[in-house]
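Chain and residue survey
Here's the letter readout for the chains.
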Amino acid sequence: MTNSKRYDVLIIGGGPAGLNAALVLGRARKDVAVIDEGSPRNAVTQHAHGFLTRDGITPGEFRRIAQEEISAYPSVTFIKDKAVAATGEDGDFQITTAQGSVYMAKKLFFAVGMADRPLNLPGLSEVYGKSAFVCPYCDGWELRDERLVVINQGPELMHFAPVLWGWSKNLTICTNGPDGLTEAQREELQQHGISLFDSPIRQIDSVQGIAQQVVLEDGTSIPCRGIFFKPDLVMGSHLPQDIGCRMTDEGIVAVDEYGKTSIPGVYCAGDAASRMHQAIAAASKGAVTAAAINNELNTENWMREGK
């Protein structure tokens, strides 16, 4: 079913970037629809941190409050559905959803985030979001000075270990296979008292979601209170690629400082267009991008009505 209304902006994704964009655009008197299926990546976590005035809030409560505040602006509509196809061009875009509805808009804003590919580590799902995390800025404080296992490898490990070192000096690294390090890098870890194990991980033992130990295939048991691991991420939706947006070598959408993609009229912000995967950073970029969209719409209206 095709909705006869043509919105100013369709926002695909209802996380911090999409919600903050909806707030800015609603206050700018634009007709906006936010299409979101309600399955955020951070739903696995118990608390969200680092967001001023909302530190420690649950992801569900964050969204509830955000939608309640945005609902004060009647030009914003929330649609619980999944966008599955995107077509059209600047000024005339169409989004088709899983329920068969078609929505039209002048501009598209992808706030589709990233999604976790399952890691084949027995026991990880039981601790993920409770004592196993991916971002120390989000969850490092709660595990400060605790005995931690880091599951990571290669050059990224040598960036991650010094960062995590600021929260706890009691680190053990499990690379779950070849470590991908140079001899100099291994020596650097050793100089900081960090043990390195490259045996594959057999299982993660836990009690009610709290990690107890990581057991390796060679029989080694590593006691721990928490885990930080490198996730395997993919974009939360294929729609930016489908409509032709240029991607970076890192697999995210290429945008300028205002969230413009390579396709006129199409914008992107949040985790799908950044390596800074934090809620407050996504919300900030959502606001900046929304202002850019609003300015473009206003300029187009100005030029059209002035003729």
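Residues numbered from 1 in each chain as written. Predicted model: local features only at pLDDT ≥ 70, side-chain atom pairs only at ≥ 80, totals over all residues. Heavy atoms only, no water.

With respect to the overall build of the protein chain
The following threshold applies: To qualify as a helix, a DSSP run of H or I must reach at least 4 residues; to qualify as a strand, a run of E must reach at least 2; elements of each kind are numbered from the N terminus. Each residue is placed in one exposure class: buried if its accessible area under a 1.4 Å probe, protein chains only, is under 20% of its type's maximum, exposed if it is over 50%, and partly exposed if it falls in between. Should any heavy atoms of two residues lie within 4.5 Å, those residues are counted as being in contact. For every accessible area listed, the method is Shrake-Rupley and the probe measures 1.4 Å; residues are considered covered only by the protein chains on display. Think of it this way: Lys and Arg go in the positive column, Asp and Glu in the negative one, and His and the chain ends go nowhere. The location of each charge is read from NZ of Lys, CZ of Arg, CG of Asp or CD of Glu.
Secondary structure summary: the protein chain contains eight helices and 17 strands in total. Taken over 307 residues, the protein chain has a buried fraction of 45%. Sequence separation of at least 24 residues holds for 58% of the intrachain contacts in the protein chain that already meet a minimum separation of 6. Summed over all atoms, the accessible surface of the protein chain reaches about 15,300 Å², with 50% contributed by carbon and sulfur. Here the protein chain carries 28 positive and 37 negative side-chain charges, and the mean point of each set is 6 Å from the other.

A look at the packing of helix α1 (residues 16-27) against helix α8 (residues 279-305)
What counts here: Lines fitted to C-alpha atoms define the axes here, with helix axes fitted over just the stretch in contact, and angles between the N-to-C directions of these axes take values from 0 to 180 degrees. Put simply, a crossing is left-handed when the front helix is turned counterclockwise from the back one by less than a right angle, and right-handed when it is turned clockwise. Gly counts as polar in this scheme, as do all residues outside two lists: the nonpolar Ala, Val, Leu, Ile, Met, Phe, Trp, Tyr, Cys and Pro, and the charged Asp, Glu, Lys and Arg.
In contact at an axis separation of 7 Å, α1 and α8 are set at 40° when each is read in the N-to-C sense. Handedness of the α1/α8 crossing: right-handed. The segment α1 lies against α8, with Pro16, Ala17, Asn20, Ala21, Val24 and Leu25 engaging Ala279, Ala282, Ala283, Ser284, Gly286, Ala287, Ala290, Ala291, Ile293 and Asn294. Here the residues of the contact of α1 with α8 sort into 12 nonpolar, four polar and no charged.

Structural notes on the sheet that holds strand β12 (residues 201-207)
Rules: Pairing between strands requires that DSSP locate at least two bridges from one strand to the other.
Spatial ordering of the open sheet is given by β12-β13-β14, a layout of three strands whose pairing is antiparallel. Lying at the two open borders of the sheet, with one neighbouring strand each, are β12 and β14 (221-223). Between one strand axis and the next, the sheet turns through 20° on average, direction left out of account. Note: strand β13 (residues 210-216) against β14, three bridges, orientation antiparallel.

Re unusual backbone geometry
Although it is not a glycine, Arg29 adopts a positive phi angle of roughly 65°. In this structure Arg29 comes out as exposed when scored by relative accessible area, which is 75%.

Quick notes on the packing of aromatic side chains
Quick reminder of the rule: Pairs were defined over the aromatic rings of Phe, Tyr and Trp, the Trp ring being its six-membered one, requiring ring centres within 6.5 Å. Orientation was assigned from the angle between planes: stacked under 30 degrees, edge-to-face over 60, tilted for the rest.
Counting across every chain of the model gives five aromatic pairs. Pairing Tyr137 with Trp167 gives two aromatic rings, centres 5.3 Å apart and planes at 85°, and the pair type is edge-to-face. Taken as a pair, Tyr137 in helix α4 (residues 136-139) and Trp167 in the loop between α5 (154-164) and β10 (171-174) lie far apart in primary sequence, 30 residues in all. Where Phe160 meets Phe228, the ring centres are 6.5 Å apart and the plane angle is 55°; that geometry is what we call tilted. Of this pair, Phe160 sits in helix α5 while Phe228 sits in strand β15 (residues 226-229); the two residues are 68 residues apart in sequence, bridging distant segments of the chain. Each member of the pair, Phe160 together with Phe228, is buried.

Here we look at the sheet that holds strand β8 (residues 132-133)
Within a sheet, neighbouring strands are paired by backbone hydrogen bonds and run either parallel or antiparallel to one another. Here five strands make up an open sheet; going across it, the order is β8-β15-β9-β10-β11 and the pairing parallel. The open sheet has two free edges, formed respectively by β8 and β11 (195-197), since each of these has just one partner strand. Pairing analysis gives four bridges linking strand β9 (residues 148-151) to β10, with the strands arranged parallel. Each bridged residue has a counterpart across the sheet, and for Leu148 the counterpart in β10 is Leu171. Each of β9, β10 and β15 is contacted by α5, which is oriented at about 160° to β9, the strand it contacts most.

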